[in-house]
Amino acid sequence: MRRSRLENSALLFAKGYGWLPDARRARGRRTVAVRLGGLPALGIQGPDAARFLYDEEHVHRSHAIPEPVQGTLFGKGAVHTLDGRQHRTRKAMFVSLLMDGDRIAPLVASATASWDAAVPGWVRRGEVVLFDEAAQVLTRAVCEWAGVPLTDGETPSVARDLTAMVDGFATGGPRHWRARRARGRREAQLSRLVEDVRNGAGTVPDGSVVDVVARHRDADGERLDPHTAAVEVLNVIRPTVAISWFLAFSGHALARWPQYRERLAAGEPAFAAAWAHEVRRFYPFAPFIGGRAPREVEWDGERVPEHSMVLLDLYGQNHDPELWGDPYAFRPERFLDREIGAFELVPQGAGDPRTGHRCPGEQLTVAVLAALAVRLARLQADVPGQDLSISLRRIPAKPASGVVLRVRGTG
């Protein structure tokens, strides 16, 4: 690797999602040497690069996720930090929870019921912020589905905490510290719940997320300690509530391209799924994903030293003209009758989620987003004047206003 002598952290904060794409364009290659967090790193992009990153012969996740990200987004001891047999055993638990159609359907039903119950209140209030309301809809739905007790009065604060964990993972300052405090509160709450379930002081539905995680045994045959169990329960609940970002982006897309509203509102399953894929491709969420080389390897003619970082440019790949053609045009129809390669569309990672590090909740995300986007399109709502700009310097990005809607009723 041609080692970059200059630390790039300041450029990352200054450019956000544009940092790696700009660095690659400046060099005229898909692969670029950078330096991040004091470590040499190789920025890569493309389906073959994704295959390279997701091959544990080349890249490991252990010791790769920075502490600020563990302390906010994923939690310490999470499945994301494991490799090999440990990862496969823990990942199998998530696959059983998140990739079974018989489990996904009840969550979709819970999410749509939660949305429908919320709409009359939106009509009475007149103006609502879509991002905030979607977070509460999803919090109610996923907690009910996962076996986490939640009262109506608790929903707003829990929703704020769950979105704060996502909102503060890639920044310093107030957003970051809000995320840490939010994680501490929810880990403590869920640790107590797991302990109560184990000692019989509390009950949750058989087969629920809390029940499965509380009973899970890792590769060493031992149950997860209560803190790690809480971390993994949150790693089901938090990403589900993070769908509120994609719903806010859906509101943004309907405001910019209203010609899609009627077709989306019709509820055609194929188009609703295509809409979900295009929202996840077009709009920025995670800028990149990374790991560390367990030994010296080579990629694209570049030497990757042992322990150096490898970063897959997710935003750049999702806007690669060779993959998508006119990638900065929002066109859901591009996903109709198209088979998506496992290493092409990468908003939630690449490869096989059953065996690798790709998010096992991606199928669930698409199903919930598709169902709620249809309901969003059916709302009788106006979009008053507001700041709908989306800064690519802010990670994670979202519409500045959160998408304010003036709701008059349902379609």
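In short, a report on the structure. (Residues numbered from 1 in each chain as written. Predicted model: local features only at pLDDT ≥ 70, side-chain atom pairs only at ≥ 80, totals over all residues. Heavy atoms only, no water.)

### What to know about the overall build of the protein chain
Selection criterion: Helix numbering and strand numbering both begin at the N terminus, where a helix is a DSSP run of H or I of at least 4 residues and a strand a DSSP run of E of at least 2. As a reference, a globule follows 2.2 Å times the number of residues to the power 0.38, and the radius of gyration itself is taken over C-alpha atoms. Exposed residues in this analysis have more than 50% of their type's maximum accessible area, buried residues have under 20%, and partly exposed residues fall in between, with area computed by a 1.4 Å probe over protein chains only. Every residue pair with non-hydrogen atoms within 4.5 Å of one another is taken to be in contact. The Shrake-Rupley method, run with a 1.4 Å probe, gives the accessible areas here. Residue values count only the displayed protein chains as cover. Only four residue types enter the tally: Lys and Arg on the positive side, Asp and Glu on the negative side; His and the chain ends are excluded. A charge is said to be at NZ when it belongs to Lys, at CZ for Arg, at CG for Asp and at CD for Glu.
Within the protein chain one finds 17 helices and nine strands. Taking 2.2 N^0.38 as the reference for a compact globule, 411 residues should give roughly 22 Å; the C-alpha atoms of the protein chain span a radius of gyration of 21 Å, in line with that estimate. With respect to the principal axes defined by its C-alpha atoms, the protein chain has extents near 60 × 55 × 40 Å. Expressed as a percentage of the 411 residues in the protein chain, the buried residues total 57%. Taking contacts inside the protein chain between residues at least 6 apart in sequence as the whole, the part at least 24 apart equals 72%. Put simply, the protein chain shows about 16900 Å² of open surface, and 51% of that area lies on carbon and sulfur atoms. Separation between the mean location of the 55 positive side-chain charges and that of the 49 negative ones in the protein chain comes to 5 Å.

### Structural notes on the packing of helix α7 (residues 130–146) against helix α8 (residues 155–167)
The following threshold applies: Axes here mean lines fitted to C-alpha atoms, for a helix over just the part in contact, with angles spanning 0 to 180 degrees between N-to-C directions. For classification purposes, an angle smaller than 35 degrees is called roughly parallel, one larger than 145 roughly antiparallel, one from 65 to 115 roughly perpendicular, and anything else oblique. Amino acids are sorted into nonpolar (Ala, Val, Leu, Ile, Met, Phe, Trp, Tyr, Cys and Pro), charged (Asp, Glu, Lys and Arg) and polar (every other residue, Gly among them).
Contact geometry for α7 and α8: axes closest at 9 Å, N-to-C directions at 105 degrees. Classified by the angle between their axes, α7 and α8 sit roughly perpendicular to one another. Residues F131, A135, Q136, T139 and R140 of α7 lie in contact with α8, whose contacting residues are T155, P156, V158, A159, L162 and T163. Looking at the contact of α7 with α8 residue by residue, the classes come out as six nonpolar, four polar and one charged.

### A look at empty space enclosed by the protein
Note the threshold: Cavities and pockets were defined on a 1 Å grid built over protein atoms only: a cavity is a set of grid points that admits a 1.4 Å probe from which the probe cannot escape, a pocket is an open set flanked by protein on both sides within 12 Å along at least five of seven lines, and lining residues are those with an atom within 4 Å of any such point. Grid points are joined across faces, edges and corners, and a volume is the space filled by probe spheres set on the points.
Counted under the stated rule, the structure contains four cavities of 30 Å³ or more. Looking at the largest cavity, its volume works out to about 70 Å³. Around the largest cavity, the lining residues are G251, L254, R261, L376, L379, A381, D382, V383 and L405. Sort the elements by how many residues they give to the lining of the largest cavity and strand β8 (residues 379–382) lands first, with three residues. Residue composition of the lining of the largest cavity, grouped by class: six nonpolar, one polar and two charged.

### Some remarks on the sheet that holds strand β3 (residues 127–129)
What links the strands of a sheet is backbone hydrogen bonding, and the strands pair in either a parallel or an antiparallel sense. For clarity, the cut-off: A pair of strands counts as paired when DSSP detects no fewer than two bridges linking them.
With respect to topology, three strands assemble into an open sheet ordered β3-β9-β8, the strand pairing being antiparallel. Strands at the two margins of the open sheet, each flanked by one partner only, are β3 and β8. The sheet shows a mean angle of 50 degrees between the axes of neighbouring strands, direction not considered. In this structure, β8 lies alongside strand β9 (residues 404–410), joined through four bridges in antiparallel fashion. Each bridged residue has a counterpart across the sheet, and for Q380 the counterpart in β9 is G409. Sheet strands in contact with helix α6 (residues 101–125) are β3, β8 and β9, and its direction is about 110 degrees off that of β9. Packed on one face of the sheet, α7 meets β3 and β9 and runs near 70 degrees to β3.

### Let's talk about α7
Using the following cut-off: Helix span is expected to be 1.5 Å times the residue number reduced by one.
Taking 1.5 Å per residue, 17 residues should reach 24 Å; α7 reaches 24 Å between its end C-alpha atoms and fits that length. Looking at the residues trailing α7, positive phi occurs at G147, about 90 degrees.

### Regarding the sheet that holds strand β4 (residues 288–292)
Strand order in the open sheet formed by four strands is β1-β2-β7-β4, and the pairing between neighbours is mixed. The open sheet terminates on both sides in strands that have one partner only, identified here as β1 (32–36) and β4. This sheet shows a mean twist of 30 degrees between the axes of neighbouring strands, independent of strand direction. The sheet contact formed by β4 and strand β7 (residues 309–313) spans five bridges and is antiparallel. Its bridge partner lying in β7, G291 is registered against V310. Running over the sheet, helix α2 (residues 19–27) touches β1, β2 (39–44), β4 and β7 and is turned about 140 degrees from β1.

### A word on the packing of aromatic side chains
Rules: Ring pairs are drawn from Phe, Tyr and Trp, using the six-membered ring of Trp, whenever the two centres fall within 6.5 Å, and their geometry is named by plane angle: stacked under 30 degrees, edge-to-face over 60, tilted for the rest. Comment: the charge-over-ring label is applied if NZ (Lys) or CZ (Arg) is within 6 Å of the ring centre and within 35 degrees of the ring normal.
Tallied over the full model, the rule gives 18 aromatic pairs. When the ring of Y17 is compared with that of Y315, the centres are 5.5 Å apart and the planes differ by 55 degrees; the resulting orientation is tilted. Of this pair, Y17 sits in the loop between α1 (9–15) and α2 while Y315 sits in helix α15 (residues 314–318), placing them 298 residues apart in sequence. The pair formed by Y17 and Y315 is uniform in burial state, with each residue classed as buried. Both rings, one in F246 and one in F285, keep their centres 5.3 Å apart while their planes meet at 45 degrees; by these two values the pair is tilted. Placement of the pair is F246 in helix α12 (residues 243–256) and F285 in the loop between α14 (269–282) and β4, with a sequence separation of 39 residues. Classification of F246 by relative accessible area gives buried; the value is 5%. Following the ring pairs from residue to residue traces out a cluster consisting of F249, W257, Y260, F271, W275, F282, Y283 and F330. A cation over an aromatic ring shows up here: R61 above the ring of Y54, its NZ or CZ 5.1 Å from the ring centre.

### Side note on the pattern of salt bridges
Rule in force here: Whenever a carboxyl oxygen of Asp or Glu lies within 4 Å of a side-chain nitrogen of Lys or Arg, that contact is scored as a salt bridge.
In total, this model carries 31 salt bridges according to the counting rule given. Here R358 makes a salt bridge to E362, at a shortest N to O gap of 2.6 Å. Taking the relative accessible area as the measure of exposure, E362 reaches 11% and is therefore buried. Its salt-bridge partner being R408, residue D382 comes within 3.2 Å of it at the nearest N-O pair. Placement of D382 in strand β8 and of R408 in strand β9 is noted, with a sequence separation of 26 residues between them. With a relative accessible area of 33%, D382 lands in the partly exposed category. Look at R408 and you get partly exposed, because its relative accessible area is 48%. Connected through salt bridges with shared partners, the residues R27, R29, D300 and E302 form a single ionic network.

These figures capture arrangement, not role.
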